[in-house]
Amino acid sequence: MRWWDIDPVFALEKELFPDDAWSRGMFWSELAHARGPHATRRYVVAMDGDRLVGYAGLAASGDLADVQTIAVARDHWGTGLGARLLTDLLQAATAFECAEVMLEVRVDNTRAQKLYERFGFEPIGFRRGYYQPGNVDALVMRRTDPSTTATGVQGTEIHG
């Protein structure tokens with residue numbers, strides 16, 4: 001993800017997460033930590049031709065990584081794009097030498113929970129009222145050993 005991706009990322013963010021969308025400033029802040037020799041973030045976008053159809057981000061600190069966000073345009077649901085984005089983040093966690101990866105997912109987002117379970121994430125707890133302003137709980141999930149093999153999705157490119 002680059003600075004010029006922020007507007008289309010933000011548009012998709014508002015479409016998919018209208019009640020608790022990140023701000024442009026939050027994306028800018030994350031990107032500020034994604035480049036250079038001391039980078040602690042990995043943010044990628046998925047393109048279908050000239051159209052941004054997905055994005056994902058990971059933060060690393062010591063031996064722990066946290067999936068910050070994964071989003072896929074509705075017309076690309078079921079294509080394997082979410083799995084490809086998650087694969088990229090897990091590869092980044094391995095490159096950051098993280099021993100485990102954590103994430104929070106809305107308790108009502110069963111589609112995402114199933115994806116994470118397929119990748120070996122296990123539920124470890126809840127964060128009450130985590131998603132605001134809707135006051136929706138988050139399921140906290142963890143995966144040890146983030147190393148994984150890539151899966152391909154034809155017609156969609158992932159860009160860091």
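Up top you'll find the structure we're talking about.
One numbering rule holds for all chains: residues counted from 1, following each sequence as written. Totals for whole chains, interfaces and linings use all residues, but because this is a predicted model, local features are given only for residues with pLDDT of at least 70 and pairs of side-chain atoms are given and counted only at 80 or more. Calculation of side-chain values draws on the structure's entire complement of heavy atoms; hydrogens and water are dropped beforehand.

### Some thoughts on the overall build of the protein chain
A helix here means a DSSP run of H or I that spans at least four residues, while a strand means a run of E at least two residues long, and both kinds are numbered starting from the N terminus. Within the protein chain, the regular secondary structure consists of four helices and seven strands. The N-to-C order of helical and strand elements in the protein chain reads α-α-β-β-β-α-β-α-β-β-β. In terms of C-alpha radius of gyration, the protein chain reaches 15 Å, essentially the compact-globule figure of 15 Å for 160 residues. Overall size of the protein chain, expressed as C-alpha extent along the three principal axes, is 40 × 35 × 30 Å. Buried means the residue's accessible area, taken with a 1.4 Å probe over protein chains only, is under 20% of the maximum for its type, while exposed means over 50%, and partly exposed covers the values in between. Scored against the burial criterion, the 160 residues of the protein chain give a buried share of 46%. Expressed as a percentage of contacts within the protein chain between residues at least 6 apart in sequence, the contacts between residues at least 24 apart total 62%. Only the protein chains shown count as cover for residues, with accessible areas throughout obtained via the Shrake-Rupley method and a probe of 1.4 Å. As presented, the protein chain carries roughly 8,400 Å² of accessible surface, and 49% of it is formed by carbon and sulfur atoms. Of the side chains in the protein chain, 17 bear a positive and 22 a negative charge, and the two mean positions are spaced by 2 Å. Here the globule rule is a power law, 2.2 Å times the number of residues to the power 0.38, and the radius of gyration is based on C-alpha atoms. Contact definition: two residues touch when any of their heavy atoms are within 4.5 Å. When charges are counted, Lys and Arg contribute as positive and Asp and Glu as negative, whereas His and the chain ends are disregarded. Charge positions come from single atoms, namely NZ of Lys, CZ of Arg, CG of Asp or CD of Glu.

### Let's talk about the pairing of strand β6 (residues 136–144)
Of all nine residues that make up β6, seven are buried, and the element is covered over most of its length. Strands are labelled as partners when DSSP assigns at least two bridges between them. Bridge count between strand β4 (residues 100–106) and β6: seven bridges; the pairing is antiparallel. Within β6, the residue paired with Glu100 across the bridge is Thr144. Strand direction decides the pairing type here: strand β5 (residues 122–131) and β6, joined by six bridges, are antiparallel. Across the sheet, Pro123 pairs through a bridge with Met141, a residue of β6.

### Here's the deal with the packing of helix α3 (residues 81–95) against helix α4 (residues 110–118)
Angle between the axes and distance between the axes are the two parameters that describe a pair of packed helices. Angles here are taken between N-to-C directions and fall from 0 to 180 degrees, while the axes themselves are lines fitted to C-alpha atoms, restricted in helices to the stretch in contact. Look at α3 against α4: their axes get within 11 Å of each other, and the N-to-C directions meet at 50 degrees. Classified by the angle their axes make, α3 and α4 are oblique. The element α3 and its partner α4 pack so that their crossing is right-handed. Contact with α3, carried on its side by Gly82, Ala83 and Leu86, involves Leu115, Tyr116 and Arg118 of α4 and no other residues of that element. Roughly parallel means an angle under 35 degrees; roughly antiparallel, over 145; roughly perpendicular, 65 to 115; everything else is oblique. Left-handed describes a crossing whose near helix is turned anticlockwise from the far helix by less than a right angle; the clockwise case is right-handed.

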